[in-house]
Structure formats: C-alpha cells, structure tokens
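One-letter residues, chain by chain:
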Amino acid sequence: MTIEEVHQLLQNRRSVYPDQYLDKVIPDQLIRNILENANWAPTHKLTEPWRFKVMKGATLKKFGTFMAEKYRSLNGLESFSVAKYEKLKMNPQKAGALIAICMQRDPRKRVPEWEEIASVAMAVQNMWITSCAYGIGCYWSTPDLLEYFSEFEPLADEERCIGLFYMGYANPPSGRIKRKPIEEKVKWL
C-alpha cells in the first residue's frame, strides 16, 4: 500500500448506517482480521483495555429484541416512541455483524480511565479503517441503553460496554466528507 492509498483510506472513511447495509454475510475470518488489527492499538502501561463481544446471525435478532424491550420497560406512555422501538429492534438485524465495544478497566488503575477509553477508541479506529479496506461499512453507536448491556451478556468486574460497532457490506458512499481546513485547528508554537 502506498502512502497515497493510506491517505485515501483515511480521508474516505465514513459512517455507514444499518439502513444502507446489503444482505450479505461477513466471513468470520474477516472479522477476526479486523479484531486482530484492533489489538494493535496504542495502550499505556500495556493495559490492553479493549474487549469485544461479536454478534452474528440469530444473536442479532435476540439483541435487537432485548434493546427494544429494555427501551419499552424504561419509557412511559408520554416518552415512548414506536419508531425508536422499531429502530432498536431492527437495526441489529440489518447488520452483517455487530460488535459490542467494551472497556476492561485495569484492576490496579495504573492509568487514568480516560486513557483506557482513548485506547479503546484507537482500537475501534483500527477496526474502522480495516473494515473500510475490506469494503465493509461501519458505524459506532452509543445508545443510552448500553448501561444495561450486562443484562444481555454478563460482563467482568470493572468491564463496561461503551459502544456498538455495526458492520455491513454496503454500496460505496458517494461524495467526500467535509472537514474544515486543518489550519483552523492547529497553532504552531
């Protein structure tokens, strides 16, 4: 891969949402490759705080039902939205795979929590870039309901779910992402 191809990959990365996914299975080996690249993210004190729970097939339907029913149980008639319920239920089923992004806090707390969250985020960036290279669209979702994830899948002590990484083959998005010039965000000292 040339440096120009690296630039292209990084600059063309974008969120691809479940409604855009094609009905196509993502091979387990590709998911393993994506997760292997996540494992090479920077990590202070080598805490390696990232943990991933991979969902495919029938588990996606089960998870969607769990999320929708949890939403229903927490919302009264005034705040309940049928559209949100259906979206929570159906979005996982549209994905080729869904990965729960979890963080396992270092038991000795040798680094601040924000550094471990940052390491997990860098692992997810590695996943995202690798997915793009494979032609797989993805999207990092952070619904409020994540605090209940352990009711669906038990988590270890000091582990928490901080996101859902939706994945699916999709037609390549058109157009380029807009960004303000880097000069507006940098001060040379």
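Use the structure listed above.
Here, residues in each chain are numbered from 1, in the same order as that chain's written sequence. Owing to the predicted nature of the model, reporting of local features is limited to residues with pLDDT of at least 70; listing and counting of side-chain atom pairs is limited to 80 or more, with chain, interface and lining totals taken over all residues. With hydrogens and water excluded, all non-hydrogen atoms of the structure serve as input to the side-chain values.

S.K.: How would you summarise the overall build of the chain if you had to cite specific residues and measurements?
M.R.: Secondary structure follows DSSP: runs of H or I at least 4 residues long count as helices, runs of E at least 2 residues long count as strands, and numbering of each begins at the N terminus. From N to C terminus, the chain includes six helices and four strands. What you see in the chain, going N to C, is helices and strands ordered as α-α-β-α-α-β-α-β-α-β. When its C-alpha atoms are laid out on the principal axes, the chain stretches across 55 × 45 × 40 Å. Burial status across the chain gives 39% buried among its 189 residues. Contacts: residue pairs with any heavy atoms within 4.5 Å of one another. Put simply, of all contacts in the chain between residues at least 6 apart along the chain, 80% involve residues at least 24 apart. Counting 27 positive and 23 negative side-chain charges, the chain places the averaged centre of each group 3 Å from the other. Working definition: with a 1.4 Å probe on protein chains only, accessible area under 20% of the residue-type maximum means buried, over 50% means exposed, and in between means partly exposed. In summary, the charge assignment counts Lys and Arg as positive and Asp and Glu as negative, without counting His or the chain termini. Charge placement uses NZ in Lys and CZ in Arg. For Asp and Glu, CG and CD serve respectively.

S.K.: I'd like a rundown of the packing of aromatic side chains, residues and numbers included.
M.R.: In this scheme Phe, Tyr and Trp rings, the latter by its six-membered ring, pair at centre separations within 6.5 Å, and the angle between planes marks the pair as stacked below 30 degrees, edge-to-face above 60, and tilted otherwise. One pass over the full model with this rule turns up 10 aromatic pairs. With a centroid separation of 5.0 Å and 70° between ring planes, the pair formed by F63 and F152 is classed as edge-to-face. One end of the pair, F63, is in helix α3 (residues 58-74); the other, F152, is in helix α6 (residues 149-152), with 89 residues separating them in the sequence. F63 gets classed as buried once you look at its relative accessible area, which sits at 0%. An aromatic cluster is built from F63, F66, F149 and F152, whose rings are joined through pairwise contacts. For a lysine, the NZ atom is tested; for an arginine, the CZ atom; a charge sits over a ring if that atom is within 6 Å of the ring centre and within 35 degrees of the ring normal. Positioned above the aromatic ring of W128, the side-chain terminus of R13 is 4.6 Å from the ring centre. Geometry around Y169 places K24 over its ring, the cationic atom sitting 4.3 Å from the centre.

S.K.: Could you give an account of unusual backbone geometry, with specific residues and numbers?
M.R.: The phi torsion at L46 lies on the positive side, around 55°, for a residue other than glycine. Within the secondary structure layout, L46 lies in the loop between α2 (28-38) and β1 (50-55). The exposure class assigned to L46 is exposed, which follows from its relative accessible area of 64%. Positive phi outside glycine occurs at K109, with the angle close to 50°. Tracing the sequence through the fold places K109 in the loop between β2 (97-104) and α5 (113-133).

S.K.: Just give me the short version of the packing of α2 against α5, but keep the residues and values in it.
M.R.: Axis lines are fitted through C-alpha atoms, for helices just across the contact stretch, and the angle between N-to-C directions can take any value from 0 to 180 degrees. For the pair α2 and α5, the least separation of the axes is 7 Å and the interaxial angle reads 140°. Here α2 is positioned oblique relative to α5, judged by the angle of their axes. Of the two possible hands of crossing, α2 and α5 adopt the one that is right-handed. Residues I34, L35, N37 and A38 of α2 lie in contact with α5, whose contacting residues are A123, N126, M127, T130 and S131. Residues are grouped as follows: Ala, Val, Leu, Ile, Met, Phe, Trp, Tyr, Cys and Pro are nonpolar; Asp, Glu, Lys and Arg are charged; every other residue, Gly included, is polar. Its residues assigned to classes, the contact of α2 with α5 shows five nonpolar, four polar and no charged. Every angle not falling under 35 degrees, over 145, or within 65 to 115 is termed oblique; those three ranges are roughly parallel, roughly antiparallel and roughly perpendicular. By convention the crossing between two helices is left-handed if the near helix lies anticlockwise of the far one by an angle smaller than a right angle, and right-handed if it lies clockwise.

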